[in-house]
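# Tertiary structure, described
This is what each chain is made of:
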Amino acid sequence: MPQAADLISGVQRMVLYETRARYFLVGTNQSQTKHRVLKIDRTEPKDLVIIDDKHVYNQQELRELLGRLDLGNRTKIGQKGSSGLSRAVSAFGIVGFVRFLEGYYIVLITKRRKMADIGGHSIYKIEDTSMIYIPNDSVRVTHPDEARYVRIFQNVDLSSNFYFSYSYDLSHSLQYNLTLLQRPYELWSSPASTAEEEEEEEEEERHKQSKQDSFDIFEEEGLPTQVVYGLQNEPYYKYVWNGKLLERVKDTVHHDWLMYIIHGFCGQSKLLIYGRPVYMTLIARRSSKFAGTRFLKRGANCEGDVANEVETEQIVHDASVMSFTAGSYSSYVQVRGSVPLYWSQDISTMMPKPPIRLDQADPYAHVAALHFDQMLQRFGSPIIILNLVKKREKRKHEKILSEELYPAVTNLNQFLPPDNWIDYIAWDMARYTKSKLCNVLDRLSMIAENVVKRTGFFINRPDFYCHTLRPDDRWGDLGGHVTASGHVQTGVLRTNCVDCLDRTNTAQFMVGKCALAYQLYALGMIDKPKLQFDTDCVRLFEELYEDHGDTLSLQYGGSQLVHRVKTYRKIAPWTQHSKDIMQTLSRYYSNAFSDADRQDAINLFLQVYQPSESKPHLWELPTDFYLHQKNSMALPQDRRSYTFWWSKGILSYLPVPYDEVPCEDTMKKVKVKRVNRFEESIDIYTEFFKPYELTSFDDTFCIAMTNSAREFMPKTVGVDPSPFTVRKPEETGKSVLGNKSNKEETLLQRKTAASAPPPPSEEAISSSSEDDSEEDRDDDGSVSQRSTPIKLLTESGDSNRTQEEIQHQQQAVKEPYGLNLAEFPAEKDLHIYKRFAHLGQSQHRVEKTDHINSANIICLEPVSCFPEDSIYAVSPPQVDRDSRSEFESHVMIGQGQVRVLCREDTLTYREYVKNRYM
C-alpha cells in the first residue's frame, strides 16, 4: 500500500528583484534546484496585480530569465546601472499583502530562527520583517493619513512570538496531522482530489516539455515507480494570523507561496535519560478570532469565539528515531479561554479591578452553545470545564461569572446524550491559596489525574508488552479512544479564571505534569506513570511552562506572570514578593495606557478593520464592539436551534472529534498529489540533514537547545544521573530557589512547602495531604518494577528457596522477552535451535565416550574441525560468490574501472540526478 507524507513547501528562500515597472519575486527550494517566479505589477496605484506562471525553472533557465530581464530594462543597450534589474531584498517567506488608503504593501520575513524540531520538521520564529511599498513613485497617490496607519500596523511586533514551518501544519495538533497520514487511501480517490491531481499533472507536463531540448543521460527502463501520496492540508484558520493578508492572492498563486503563521509560544527542551534523547515541545496557538488585550476583550462575541483563547499542546517524542511512521510520538492538548458569556469590565474608572458587568441577557445560552459546538467538532467529548474563579466574596465580583456559566452548561447538557455531557468543575483556587492548612497543588494533582483519565492522550504506537505483563492501575483506567496504532485523545480540558493567566497557567502545568508522566510511561521511559517534584524532568518541564505563561501573559495582560508555580508551592524566595508587586504595577500601567493602541494594531493586522475613505478612521471609532460583533447591526437570516445546538453530523462520531473522521466534509480539506518516492517535495531526510551543505555540529539546533543533563543535573561525581531522581534544591545545576546564601532560609522554605491536613469542614472538597503522603509512601515502598526483588529466607528450607529462585528466573526471562520457561517451546523455535546447535558442532566437536578419563580432562587438546588451526597456520576462510564479487568490484573502482550498475541502482541514481540537476 502506498505511504502518505506531508508535502514540503517548494519556496523556502526568496529574492525580490526590482525594475521600474515590476517586482520579480524569485522563490527557491532549500536545495536550490527548483525555482518559481512571481511577477508583481508596480504601475497600478491602488490595485494588486500578481501573475504566477506556475512554471518550475531550473538554475540555468532562471539565470537566462534574469539576464533577459536585466537587459530588457536598461535604457540603453550595454549600460549598467540602477535602470536595469536590481536586487532589493532577500527573504524566507511572505507574511502577506496589505493596503490602507494608498497602494499595497508586501510584508516579507527577512530573518528567522529555528525554535523546535518535530520528526525532522523544523519550526521557525520570525526574527525580522520588511514592509515594502509596491507601486512606483511615479504613480503613487499620496494620502495624509497613510503614515499613521503604517505606524499602527507596525505596532504588531512580528518579531515577537510568531512562528511558521515549511512542512508541518502548526495550526493543527500533532494528533490531527498524524491521523491524517493513517487515513484509508481509497477515500482519497475522490473527485475533489482528482481535480487537484490533474492540475499538478499539467504542471509537470509543462515542466517536462521545457526540458525536451536538454540532453537526458538516462533511458526509460520501464521499472515500476513507487508512488507516495503527498498531502496538502487546509489550515485551521482560527489559529492562523495572516489568513486575511493572504486572502487576496490565495486563489491566484501556487500553494508553495502561501505560508501560514501562528501567534503564541513555541519552546523545546531535551530530556536525557541515560543518554537517550527525549524532546519535550510546548506549542501554544493563540486564536485570531476576538483577539485583543486584557480589559478590552472579555467574554465571547456573537459567533462563539472567546477572548484570550489559547490551545496548548505538549509533544513528547523519542528523538533517536526521526520518522513520523517509524518513531514514537505522543501529545496532549488543553485549552484556556475567557468565560463564554456576554460580559465586560468598565475601564473608564481608574481601578485595579473594574467591576464585571453582563452586557446582554442570554437565557438559552446561545453564545455558549456556539463555543462548545466548535470544541466538540475539534476535540470530541468529554469537554471538561475547570472554573477557578472565586466563590466567596464580600462584594460580588468574580462570582457573577460562575452564577451565569453553571446554568448555561446545565441548559446545554439536557439536550446532549449523557455519555457526552459537558463536565463542570468549580474550585476556588484563590481561597485555598490563602489558607495555610491547605495544599493547592495536592488538590490540583487530584483533578489532573481525573481529567487525564477521562480524556486520555495521543500516542502513535501500541502498548509495550511490559504494560500487559506488569499492569498499572492508573494505566488500565485511562480513557480516550484506542486504535490499532495506539491511543487517541478524545475530549479536552478547558481551564479559565477571570484573566486566564496566573491561576490558569498553574492549573495547566499540573495537568500537563500528570499527562507527561503518562506520556513517558507509554514511551517506555519510566516504570509507573507518576512524576515527583524536584526532579530534573519536572524542573525542565516547569521552566518550559513558566516561559509559556510569561509569554502569553505579556501578549494579553502586558506583564509577566504574577503568581508562579513556586508561589503556590510556597517555596518562592522572599525577593519574589517585590517582583510580584512590580509585575502587578506593570500590568496596571499597560492596561491603563497602552492597551488601546495595541488593540488598534491587532484589529488592523487581522483586517477586522479595513481602512476606507468612506469610513471613519480607526482612531475615530468610540469602540470596536461592532467590528467583532458582526451580526449586531442586522437580524440573522437563519437562527440556530436552541435544543439541537450542535452542528450536523457531530454526535454520530462522538467521542471521536468530527474533524479527524475521514468523512466527505473533512476529505474536501485535503489535497492529494501522487509523487515519486524519490521526490524532493516529500524527502524529509534531505530537508533536515541537508547533505549538500557543509554544516558544523556546534551550530546545530539539537546541541544548542536546553538540555536536562547540562542545565539541571548536578555536576558532582557519583550522583545518580537519572532525570527522575528527587534532588535537593541546592544539589541541582540550576536551582529552583535561586541563589541561596542563607541555609536557614532554605530550610524554612522547605518546611513551609510541606503539606498539612485541611480543616475538617473542607473534607468533602479537598484532599488530605496525610492521605497523599501515605499514598506516596506506598508507591515508594513497593518493590520497584525495574529492580531485582529481595529474596527472603523462609523456615521451609532449601527446597522452597530453590523453587523461589526458579520462579524468579522464569519471571526475569518473561519480563523483557515475553517467554515462559515452564511451557514447551514451539516447533519453529526448536528448529532454529537445532540449526544453531549444528553450527556449533563444526567449531568445537567433542567425541562421546562411555567412560570419563580424567587425563582427557586435565590435559586439554585442540578439537577444532579445521585441518590447520594453530598459531603457525590458519586455513583460509571460505567466501561465497556474492561477497567475492562485491570485493572485486570495490577493488576495480579503486583502480578506476566501474562495473555496470544493476537496474535498481540505476533507477535510484537517475532520480537523484533529475531532482538535483535537471
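Residues numbered from 1 in each chain as written. Predicted model: local features only at pLDDT ≥ 70, side-chain atom pairs only at ≥ 80, totals over all residues. Heavy atoms only, no water.

### A few points about the overall build of the chain
Along the backbone of the chain there are 26 helices and 25 strands. The proportion of buried residues among the 918 residues of the chain is 48%. Here the contacts in the chain between residues at least 6 apart in sequence split such that 72% fall between residues at least 24 apart. By element, 52% of the accessible surface of the chain is carried by carbon and sulfur atoms, the whole surface being about 48,300 Å². (Helix = DSSP H or I, 4+ residues; strand = E, 2+ residues; numbered from the N terminus. Buried < 20%, exposed > 50% of the residue type's maximum accessible area, 1.4 Å probe, protein only. Contact = heavy atoms within 4.5 Å. Areas by Shrake-Rupley, 256 points an atom, 1.4 Å probe, with all protein chains shown as cover.)

### So, the side chain of Lys297
Note that Lys297 resides in the loop between β13 (276-286) and β14 (310-318). Excluding residues within four positions of it along the chain, Lys297 makes contact with Phe290, Ala291, Gly292, Ala307, Tyr556, Gln599, Asp624 and His628.

### Let's talk about the sheet that holds strand β3 (residues 22-28)
Taken together, the five strands give an open sheet; going across it, the order is β5-β4-β3-β2-β6, and neighbouring strands pair in antiparallel fashion. Looking along the sheet, the strands with just one partner apiece sit at the ends: β5 (50-52) and β6 (86-91). The average undirected angle you get between the axes of adjacent strands in this sheet is 20°. (Pairing = 2+ DSSP bridges. Axes fitted to C-alpha atoms, helices over the stretch in contact; angles between N-to-C directions.)

### Some details on unusual backbone geometry
Here Ser381 and Pro382 are connected by a cis peptide whose omega angle stands at 5°. Note that the residue after Leu654, namely Pro655, is joined by a cis bond; omega there is 10°. Phi is positive for Cys500, which is not a glycine, with a value near 60°. Note that Cys500 resides in the loop between β23 (492-496) and α11 (502-522). You can call Cys500 buried: its relative accessible area is 1%. One non-glycine residue, Gln607, lies in the positive phi region at around 60°. Position of Gln607 among the secondary structure elements: in the loop between α14 (575-605) and α15 (625-628). Given the relative accessible area of 14%, Gln607 is considered buried.

### What about the side chain of His371?
Secondary-structure assignment places His371 in helix α5 (residues 366-379). The contacts of His371, once residues within four sequence positions are left out, are Gly304, Val306, Glu309, Pro340 and Arg494.

### Remarks on empty space enclosed by the protein
In the structure shown here, the tally under the stated rule is seven cavities of 30 Å³ or more. By volume, the largest cavity is sized at about 140 Å³. What lines the largest cavity is a set of 13 residues, and nearest its centre among them are Ser173, Gln175, Arg378, Phe379 and Glu660. Sorting the residues of the lining of the largest cavity by element identifies α3 (174-181) and α5 as the ones contributing at least two each. (1 Å grid on protein atoms, 1.4 Å probe; cavity = no way out; pocket = protein on both sides within 12 Å on 5 of 7 lines; lining within 4 Å. Points joined across faces, edges and corners; volume = space filled by probe spheres on them.)

### Re the packing of α11 against helix α12 (residues 536-557)
Where α11 contacts α12, the axes come no closer than 10 Å and their chain directions differ by 140°. Compared by their axis directions, α11 and α12 come out oblique. The way α11 lies across α12 gives a crossing that is right-handed. Facing α11, whose interface residues are Asn505, Gln508, Phe509, Gly512, Lys513, Leu516 and Leu520, α12 presents Cys537, Val538, Phe541, Glu542, Tyr545, His548 and Gly549. Partitioning the contact of α11 with α12 into residue classes produces seven nonpolar, five polar and two charged. (Parallel < 35°, antiparallel > 145°, perpendicular 65-115°, else oblique. Left-handed = near helix turned anticlockwise from the far one by under 90°. Nonpolar A, V, L, I, M, F, W, Y, C, P; charged D, E, K, R; others polar.)

### Quick look at the packing of helix α8 (residues 440-455) against α11
Where α8 contacts α11, the two axes come as close as 8 Å, and the packing angle between them is 55°. Relative to α11, α8 is oriented oblique. Between α8 and α11 lies a crossing of right-handed hand. Here Leu441, Leu444, Ser445, Ala448, Glu449, Val452 and Lys453 of α8 lie close against α11, whose contacting residues are Thr506, Ala507, Met510, Val511, Cys514, Ala515 and Tyr518. Per-class residue counts for the contact of α8 with α11 are 10 nonpolar, two polar and two charged.

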